Amino acid sequence: MPRTLLLVGTRKGCFLLESDADRRTWTTRGPFCEGWPVYHVIYDPGSGSIYAAAASEWHGSAVWRSRDLGETWELSSEGLAYDEDGNRKVSKVSSLAAAHGRLLVGAEAPGIFESRDDGLTWSLLSTLAGQPGSEVWDDPANQPPGHLGISALMTDPDDAARFWAIVQGIGFFETTDDGATWTPRNRGLRADWPRPHEEVGFCVHRLVRAPTDGQRMFQQNHVGMHRSDDGGHSWSEITEGLPSEFGFAAAVHPHDRDTFYVIPLDPGHGRMMLDGKAAVWRTRDAGSSWQRLDRGLPQTDAHLGVLRSAMTIDGYDTPGLYFGTSTGQVFASADEGESWSEIASYLPAISSVEVATLE
């Protein structure tokens, strides 16, 4: 019977939650990675390994690897650095992607590194040099520790040379030649602040792509939810009907390109669920209408935050949804969000949640 594995990155290490295909009863293992702050954890089905992007104020930035589903771990930072003679420094690695026999890692200051030996060593692939806005992110004064740099990477399962990268506070970019050149893909997005460049200056929080239709993408932006029907070349806003235009997390249904999930948050400095009532919102018609999903979620004094990589969805016939909070709870639904249960409590603050199905 298939096993369901949740990979949870937290402020103090990585945790693994395991269940069967029913996803009703869960066990928790961890913390792993020796308590390092872990920003993103993924499972690579090609190698069967788990990778965790970690950054410590004391030890620097590195990627942890487990080849045996968490029993043992190895640490590698070889090659995760810019030219020592330059002003650009790696202060954090915050995003991972695995596809086509290699790993990609996103760093701050913005840059993408790759590994072709299962995470043992790394080499710089691209800094997106010359893109509009790069003069801002290349200025050392604008990249103190604490930002995310490349906050997300998304690969194309059919084309190794094509992938997308989000530069925090700038927008998202596509390459079709393995990072040699890039194109901004922010047309139609909204920004409520001055922008020196027409093509960039948009705060993309989360980008997801429908597995059943590669042209259909959704994003949660700093100011609104948006949909693309042409692979990110243009965007339409679909915020109407939601209680807030702000949020971080998002997920798209694995079998239905029109079903999309978000977690709206208070857009103020608190950035918590509205009115202390936890909820996930779903559209089944690509954003024309929205439905609040809260059965089983706390509805009193639930001042919960959910970060940009902290919601995911599995690929079962009836998909399960999962999200983790900045106060250490993990909530799960085995019925497409219709009902929820708390499957882990009192973890450190959660940065990311990913899911894998193991045979």
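Check the entry above for the structure.
Now for a quick tour of the structure. (Residues numbered from 1 in each chain as written. Predicted model: local features only at pLDDT ≥ 70, side-chain atom pairs only at ≥ 80, totals over all residues. Heavy atoms only, no water.)

**Looking at the overall build of the chain**
Here's step 1: Per the secondary structure count, the chain includes 1 helix and 28 strands.
Here's step 2: Reported as C-alpha extents along the three principal axes, the dimensions of the chain are approximately 55 × 45 × 40 Å.
Here's step 3: A total of 359 residues make up the chain; the buried ones form 58% of that total.
Here's step 4: Within the chain, contacts between residues at least 6 apart in sequence are counted, and of these 49% link residues at least 24 apart.
Here's step 5: As displayed, the chain has an accessible area near 14700 Å², and 46% of this comes from carbon and sulfur atoms.
Here's step 6: Distance between charge centres in the chain, computed from 30 positive and 50 negative side chains, equals 3 Å. (Helix = DSSP H or I, 4+ residues; strand = E, 2+ residues; numbered from the N terminus. Buried < 20%, exposed > 50% of the residue type's maximum accessible area, 1.4 Å probe, protein only. Contact = heavy atoms within 4.5 Å. Areas by Shrake-Rupley, 256 points an atom, 1.4 Å probe, with all protein chains shown as cover. Lys, Arg positive; Asp, Glu negative; His and termini not counted. Charge placed at Lys NZ, Arg CZ, Asp CG, Glu CD.)

**Notes on the nonpolar core**
Here's step 1: Membership of the largest hydrophobic core comes to 36 residues, with the highest contact counts inside it found for Leu6, Leu17, Ile263, Met273, Phe323, Val330 and Trp340.
Here's step 2: Not counting chain neighbours up to four residues away, the residues in contact with Ile263 comprise Phe246, Gly247, Phe248, Ala249, Met273, Ala279, Val280, Val306, Met311 and Phe323.
Here's step 3: Grouped together as the second largest cluster of nonpolar side chains are 18 residues, Leu7, Trp64, Leu69 and Ala356 included. (Core = buried A, V, L, I, M, F, W, Y, C linked by side-chain atoms within 4.5 Å.)

**With respect to the sheet that holds strand E1 (residues 3-10)**
Here's step 1: On the basis of which strands lie adjacent, the open sheet formed by 4 strands has the order E3-E2-E1-E28 and antiparallel pairing. A single partner strand is all that each edge strand has here, and the edge strands are strand E3 (27-32) and strand E28 (350-358). On average, each strand axis in the sheet is tilted by 20° relative to the strand beside it, whichever way the strands run. (Pairing = 2+ DSSP bridges. Axes fitted to C-alpha atoms, helices over the stretch in contact; angles between N-to-C directions.)

**Some points on the pairing of strand E14 (residues 171-175)**
Here's step 1: The buried count for E14 comes to 5 of 5 residues, which makes it a mostly enclosed element.
Here's step 2: Pairing analysis gives 5 bridges linking strand E13 (residues 159-167) to E14, with the strands arranged antiparallel. Bridging from a neighbouring strand, Ile166 pairs with Phe172 of E14.
Here's step 3: Here E13 folds back onto E14 in antiparallel fashion, the turn holding 3 residues, of which Gly169 has a positive phi close to 75°.
Here's step 4: Where E14 and strand E15 (residues 183-184) come together, 2 bridges link them in antiparallel fashion. Following the sheet pairing, Glu174 is matched in E15 by Thr183.

**Quick word on empty space enclosed by the protein**
Here's step 1: Following the criterion strictly, the structure yields 1 cavity of 30 Å³ or more and no others.
Here's step 2: For the largest cavity, the calculated volume is near 40 Å³.
Here's step 3: Contributing to the lining of the largest cavity are Ala99, His100, Arg102, Leu104, Thr155, Ala160, Arg162 and Phe163.
Here's step 4: Elements that contribute at least two residues to the lining of the largest cavity include exactly strand E9 (102-108) and E13.
Here's step 5: No other element matches E13, which puts 3 residues into the lining of the largest cavity.
Here's step 6: When grouped by side-chain class, the residues that make up the lining of the largest cavity number 4 nonpolar, 2 polar and 2 charged. (1 Å grid on protein atoms, 1.4 Å probe; cavity = no way out; pocket = protein on both sides within 12 Å on 5 of 7 lines; lining within 4 Å. Points joined across faces, edges and corners; volume = space filled by probe spheres on them. Nonpolar A, V, L, I, M, F, W, Y, C, P; charged D, E, K, R; others polar.)

**Focus: the layout of surface pockets**
Here's step 1: Looking at the largest pocket, its volume works out to about 1300 Å³.
Here's step 2: Lining the largest pocket are 43 residues, with Met154, Thr155, Thr312, Glu354 and Val355 positioned closest to its centre.
Here's step 3: Of all the elements in the fold, those that place two or more residues in the lining of the largest pocket are strand E4 (38-44), strand E8 (92-99), strand E12 (150-156), E13, strand E16 (204-209), strand E20 (247-252), strand E24 (311-313) and E28.
Here's step 4: Residue composition of the lining of the largest pocket, by class: 27 nonpolar, 11 polar and 5 charged.

**Here's the deal with the pairing of strand E26 (residues 330-333)**
Within a regular strand, side chains alternate between the sheet's two faces.
Here's step 1: Neither face of E26 is left uncovered, since the one carrying Val330 and Ala332 and the one carrying Phe331 and Ser333 both have all their residues buried.
Here's step 2: As defined by bridge partners, strand E25 (residues 321-324) adjoins E26 across 4 bridges and the pair is classed as antiparallel. By the bridge assignment, Phe323 is partnered in E26 with Phe331.
Here's step 3: Taking the residues between adjacent antiparallel strands as the criterion, E25 and E26 are bridged by 5 residues, where Gly328 takes a positive phi near 95°.
Here's step 4: As paired elements, E26 and strand E27 (residues 341-344) share 3 bridges and run antiparallel to each other. Bridged to Ala332 within E27 is Ser341.

**Observations regarding the pattern of salt bridges**
Here's step 1: Scanning the model with the defined rule gives 25 salt bridges in all.
Here's step 2: Between Asp314 and Arg23 there is a salt bridge, with the nearest N and O atoms lying 3.1 Å from each other. Note that Asp314 is positioned in the loop between E24 and E25 and Arg23 in the loop between strand E2 (13-20) and E3, a separation of 291 residues in sequence. With respect to class, Asp314 is no different from Arg23; both count as buried.
Here's step 3: Among the salt bridges present, the one from Arg190 reaches Glu245, with a minimum N-O distance of 2.8 Å. Note that Arg190 is positioned in the loop between E15 and E16 and Glu245 in the loop between strand E19 (236-237) and E20, a separation of 55 residues in sequence.
Here's step 4: Residue class for Arg190 comes out partly exposed when judged on its relative accessible area of 25%. (Salt bridge = Lys/Arg side-chain N within 4 Å of Asp/Glu carboxyl O.)

**Some remarks on the environment of Thr325**
Here's step 1: Assignment of secondary structure puts Thr325 in the loop between E25 and E26.
Here's step 2: Considering only alpha carbons, one finds Thr325 and Pro348, 23 residues apart in sequence, at a separation of 9.2 Å.
Here's step 3: If near-sequence neighbours (up to four positions away) are discounted, Thr325 is found in contact with Leu304, Gly305, Val306, Phe331, Ala349 and Ile350.

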